[in-house]
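Observations on chain architecture
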Amino acid sequence: MSFKSFNLSPQMIDCLARQGYLSPSSIQTRVIPKALRGGNIVAQSETGSGKTHAFLIPIIENLQLDKNLTQAIIIAPTRELAKQIYSFAEPFKKDYPRLHLRLFVAGQEKERTFREGMLVPHIIIGTPTRLKAMLIDKTSLDISNVKTLVLDEADMLMEMGYFAEIDIFYRALKMTPQVLVFSATMEFNLRKRLEKYVGADFVIEMDDVKTART
């Protein structure tokens, strides 16, 4: 199977090929078609499975780059993971020169971040605490047009106690977003937590098993 089977744009196919991606991984095969259609997904997938591109590809494919609006937010539990996601997203800018990204993590100087934020990012990547401070407490960016929300490493987000902040952030969104969740494990408590974002009938994508309903 190749990425062409997903009916991606020629621009995306060429972009992936230039990055050395010719065939999708298992998790990409299961997630990308559903994500392109706007469906909510909870994907159980280990690190190194290709999950980052499983959400970056459909997000970028569905962006309206001619609009100066923030349309997707990706939340990661740590600064290191957020930076890693950002590093995977940056190569797309070569083929999508109008694509604007912004990284919100601890350690950035606030005034510089606000000044850079004048160029509205299509995709925001960051940690829960930093995003809450920058996007809600300071209201520095308009998030009313966000249509996709990604929770990466959701089990870590729960273990680190970030869901209270994610709840505040989620309630601040003006429209109900598509929610894409990725987690290495899927305990009962995490499933129940996720229902408020994706509903009770979400799909869980695993290595060899697909189930619906919790």
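Residues numbered from 1 in each chain as written. Predicted model: local features only at pLDDT ≥ 70, side-chain atom pairs only at ≥ 80, totals over all residues. Heavy atoms only, no water.

Summarising the model, the protein shows a mean pLDDT of 86, and 85% of its residues fall at 70 or more. Within the model, the stretch residues 208–214 combines pLDDT values under 50 with 18 contacts to residues more than four positions away or in other chains. (pLDDT = per-residue confidence, 0-100. Contact = heavy atoms within 4.5 Å.)

The next subject is the pattern of salt bridges. Scanning the entire structure with this criterion turns up 6 salt bridges. A salt bridge links D152 to K51; its shortest N-O distance comes to 2.9 Å. Of this pair, D152 sits in strand β5 (residues 148–152) while K51 is found in helix α3 (residues 51–62), placing the two residues 101 residues apart along the sequence. When the shortest N-O distance is used, the salt bridge between E195 and K192 registers 3.4 Å. Taken together, the positions of E195 and K192, both in helix α9 (residues 188–198) and 3 residues apart, correspond to about one turn of that helix. By relative accessible area, E195 is classed as buried at 19%. The exposure class assigned to K192 is partly exposed, which follows from its relative accessible area of 41%. (Salt bridge = Lys/Arg side-chain N within 4 Å of Asp/Glu carboxyl O. Helix = DSSP H or I, 4+ residues; strand = E, 2+ residues; numbered from the N terminus. Buried < 20%, exposed > 50% of the residue type's maximum accessible area, 1.4 Å probe, protein only.)

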